[in-house]
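Fold and contact review
Spelled out from the first residue to the last, the chains are:
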Amino acid sequence: MHVIATAGHVDHGKSMLVRALTGMEPDRWEAEQRRGMTIDLGFAWMTLPAGGEIAFVDVPGHERFVSNMLAGAGPAPAVMFVVAADEGWKPQSAEHLAAIDALGVRHGILAITRSDLADPAPAQREAALKIAKTSLGEPEAVAVSAVTGQGLPELTAALGRLAARLPEPDPADGVRLWLDRVFAIKGSGTVVTGTLQAGTVRAGDELVLTPSLRRLRIRGVQSLGAPASQVSGVARVALNLRGVSTRELSRGMALIQPGHWTLTGVIDVRLAPPRAADGRAPGTMRLPSRLTVHIGAARAVARVRMLGGQIARLSFDHPLPLHIGDRVLLRDPGAAADRAIGRPIFGATVLDVSPPRLRGNGAAAAAERELGAWPEPPAAPDLLRRHRLLRASTASAMGLRDLPPPVSGEWLADPEHWQRLRQRLSAAVAGHATRDPLAPGLAVDAARAELGLPDRDLVGALAAWRPGGSADELIDASGGYLRPHSGLPVAVAKAVQAVLAGLADAPFSAPDTEQLRELGLDARGAAAAERAGLLRRLPGNVVLAPGATDQAAEILARLPQPFTAAEARQALQTSRRVVIPLLEWLDREGITRRLPDDRRVMRERL
Ligand SMILES: Nc1nc2c(ncn2[C@@H]2O[C@H](COP(=O)(O)OP(=O)(O)OP(=O)(O)O)[C@@H](O)[C@H]2O)c(=O)[nH]1
Ligand SMILES: [Mg+2]
């Protein structure tokens, strides 16, 4: 199925043309029929000769009902633009075209109606010139008369060609159904309708209503008046909802598939110049501080903050379910209508649905510089550069696709930021090890806090990440601590940490062979640890922290000289088993000197 919205000035024959094509009455209200004027959206559909259906969303042309027009055109992927042969281009022709351009609609058809009343050529020429400057480009044009039937077969054929060109959205996409009608049916309860742009709705599915975030179950699905077990976009759909009354629902609310959308009250956008209006090139655009923003069938009041150039930050009076890349329409309903172009209308592309707060001087200008350089639509790498770290689920809900592989669990990282974080972590770990070599390492939670990371798992992932550079950047992590890489097998490194932890408070109480075995450090492991500079080994299976010998020398230097081995043992609060090899090592290193009576003096004191 295809959905096409009508557009065009009041009384130019939109509804009558839809009626002629479909045999259905789009003006549903008694008041509409009495006044011969469309007030609200109308719905009718036809079957193409080649098969397939076109559902029309017929909009009002009167300037008082532009809001209703936008609710109908907003979610429609294509438009049937109507200009009356006898009246030609009129203010709402211009206003509707500006809206279609602002919405970025690329597919359409130009119908020159009431061709029985005047030569359609001048109206067609003028309309084609105006339309050519917009997103619609050069649509097929057909002259018709709903009264005589002239041109209707040609229009039907052209609609078939248009339908064949329309892109097929992904039925697996997340559902966002903008409600455009809400009513009750005796016996089945509450029904809502809308233009489903993509994704699939099924009876039994649960959707989330925005902005209340209430979960609602679909009791039944209908499309074009017939029940269906499921319908994929693009389609007109009617959903029978369970457990909700019509009073709680209104046009502009949306039913969304949970997890697929970001409900946001603040967005950053790039404004598109209003080409349809006058073709003037934009500099820095000037906008009023309050505008009405339209998307789908919704509208909200937006506060506008220009960040510079064509980049603006919009804050809504109520949140909307949006994706990056969504196109929104902005207008100033209070502005005096320009005679030629109606009220000004702007299109804008959503660049960010959860923009960071702008803190301090220059933040707006910096944001403008960054966002101004983004492609349209922006992609995952652009958003990651701005947000640095994003959960994959958050990125999907933002509407990003082709996500890079996560750095840890759900986390995606900007590559440059990740590299910087890794450097900061290396520095923090190395710094900690130098300041406190006897400690088991930098605690993971301390590292998380120091780097301002949102998740402690990221610390482990950073530590394990191998930057392209040299091996001395490697970090060992175990037991909740980070240390500069020792090159030791994990088990040995762990045992060494346990030994060093035991020595932290009593640096000369070296564990004995039995204790070493219990801690899991054998002679080979100890030798490797010594080579890695993590331990000092002395004869007799004595292991100490690397700094222990210096520490011993300091303590011994404070003793009355010369001193005996027993005095040294007392001063160091250790045993003969440790003090004898320690003194012999100090002798060999030339730090102490052994006298003939077996006492020792510090060399410097000699
Ligand atoms: N002669 C002639 N009159 C037409 C034709 N199409 C529409 N009309 C007349 O034009 C008037 C307006 O037609 P509508 O179809 O209601 O126009 P509309 O564009 O839907 O108007 P709004 O919905 O109010 O914007 C009616 O009086 C129709 O009879 C046509 O092809 N030929
Ligand atoms: Mg009408």
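Above: the structure in question.
To start, this report covers the structure provided alongside it. No experiment lies behind these values; they were computed from the predicted model shown.

Things to note about the overall build of the protein chain
On a plain count of helices and strands, the protein chain comes out with 19 helices and 31 strands. Taken along its principal axes, the extent of the C-alpha atoms in the protein chain is 130 × 55 × 40 Å. Looking at the 606 residues of the protein chain, the share that counts as buried comes to 51%. If you take every contact in the protein chain between residues at least 6 apart in sequence, the share linking residues at least 24 apart comes to 66%. Here the protein chain displays about 27200 Å² of accessible surface, and carbon together with sulfur accounts for 50% of that area. Counting 72 positive and 64 negative side-chain charges, the protein chain places the centres of these two groups 3 Å from one another.

A short note on the nonpolar core
Core analysis: the largest hydrophobic core is formed by 80 residues, its most contacted members being F81, V83, I267, V269, L314, F316 and L330. Among the elements that line this core, the one with the most residues is helix α4 (residues 91-103), at seven residues. Here F316 is in contact with T264, G265, I267, V293, A300, V301, A302 and L322, once residues within four sequence places are set aside. Counting 37 residues, the second-largest nonpolar core is a separate cluster that includes A493, L500, L544 and A548.

Section: the coordination of the magnesium ion (ligand 2)
For the magnesium ion (ligand 2), the protein coordination sphere consists of S15 (OG) and T38 (OG1), at 1.9 to 2.0 Å. Highlighted residues: S15 in helix α1 (residues 14-22) and T38 in the loop between α2 (30-35) and β2 (42-47), separated in sequence by 23 residues. This pair shows no difference in class: S15 is buried, exactly as T38 is.

As for the site of ligand 1
Close to ligand 1 lie 19 residues, the nearest being M16, T38, G61, D116 and A146. Take K14: an N or O atom from its side chain is 2.8 Å from an oxygen atom of ligand 1. A distance of 2.8 Å is found between an oxygen atom of ligand 1 and a backbone nitrogen or oxygen belonging to A146. In isolation ligand 1 offers 640 Å² of accessible surface; the protein chains occlude 82% of this area.

Observations regarding the packing of aromatic side chains
Tallied over the entire structure, the rule returns two aromatic pairs. With a centroid separation of 6.5 Å and 70 degrees between ring planes, the pair formed by W418 and W465 is classed as edge-to-face. Here W418, found in helix α11 (residues 415-435), pairs with W465, found in the loop between α13 (457-464) and β26 (475-478); they are 47 residues apart in sequence, far enough to count as distant. For W418, a relative accessible area of 3% translates into the label buried.

So, the pairing of strand β27 (residues 481-484)
As paired elements, strand β25 (residues 442-443) and β27 share two bridges and run antiparallel to each other. Pairing of A443 across the sheet is with Y481, part of β27. As paired elements, β26 and β27 share four bridges and run antiparallel to each other. The residue bridging I475 from the neighbouring strand is P484, located in β27. In textbook terms, the turn of a hairpin is the stretch between consecutive antiparallel strands, and for β26 and β27 this stretch comprises two residues, one of which, G479, has a positive phi near 60 degrees.

A word on the pairing of strand β3 (residues 53-58)
Counting buried positions over the six residues of β3 gives five, a clear majority of the element. The pairing of strand β1 (residues 2-7) with β3 spans four bridges and is parallel. Counterpart to I4 in the pairing with β3 is F56. Where β2 lies against β3, six bridges are found, and the strand directions are antiparallel. For F43, the partnering residue across the bridge sits in β3 and is V57. The antiparallel pairing of β2 with β3 creates a hairpin that spans five residues between the two strands, and G51 there sits at a positive phi of about 95 degrees.

Thresholds applied
- Residues numbered from 1 in each chain as written.
- Chains lettered and ligands numbered in written order.
- Predicted model: local features only at pLDDT ≥ 70, side-chain atom pairs only at ≥ 80, totals over all residues.
- Heavy atoms only, no water.
- Helix = DSSP H or I, 4+ residues; strand = E, 2+ residues; numbered from the N terminus.
- Buried < 20%, exposed > 50% of the residue type's maximum accessible area, 1.4 Å probe, protein only.
- Contact = heavy atoms within 4.5 Å.
- Areas by Shrake-Rupley, 256 points an atom, 1.4 Å probe, with all protein chains shown as cover.
- Lys, Arg positive; Asp, Glu negative; His and termini not counted.
- Charge placed at Lys NZ, Arg CZ, Asp CG, Glu CD.
- Core = buried A, V, L, I, M, F, W, Y, C linked by side-chain atoms within 4.5 Å.
- Donors = N, O, S within 2.8 Å, 3.2 Å for Na, K, Ca; no water.
- Near = heavy atom within 4 Å.
- Polar contact = N/O pair within 3.5 Å; in protein donor to acceptor, adjacent residues only side chain to side chain.
- Phe/Tyr/Trp six-rings, centres within 6.5 Å; stacked < 30°, edge-to-face > 60°.
- Pairing = 2+ DSSP bridges.

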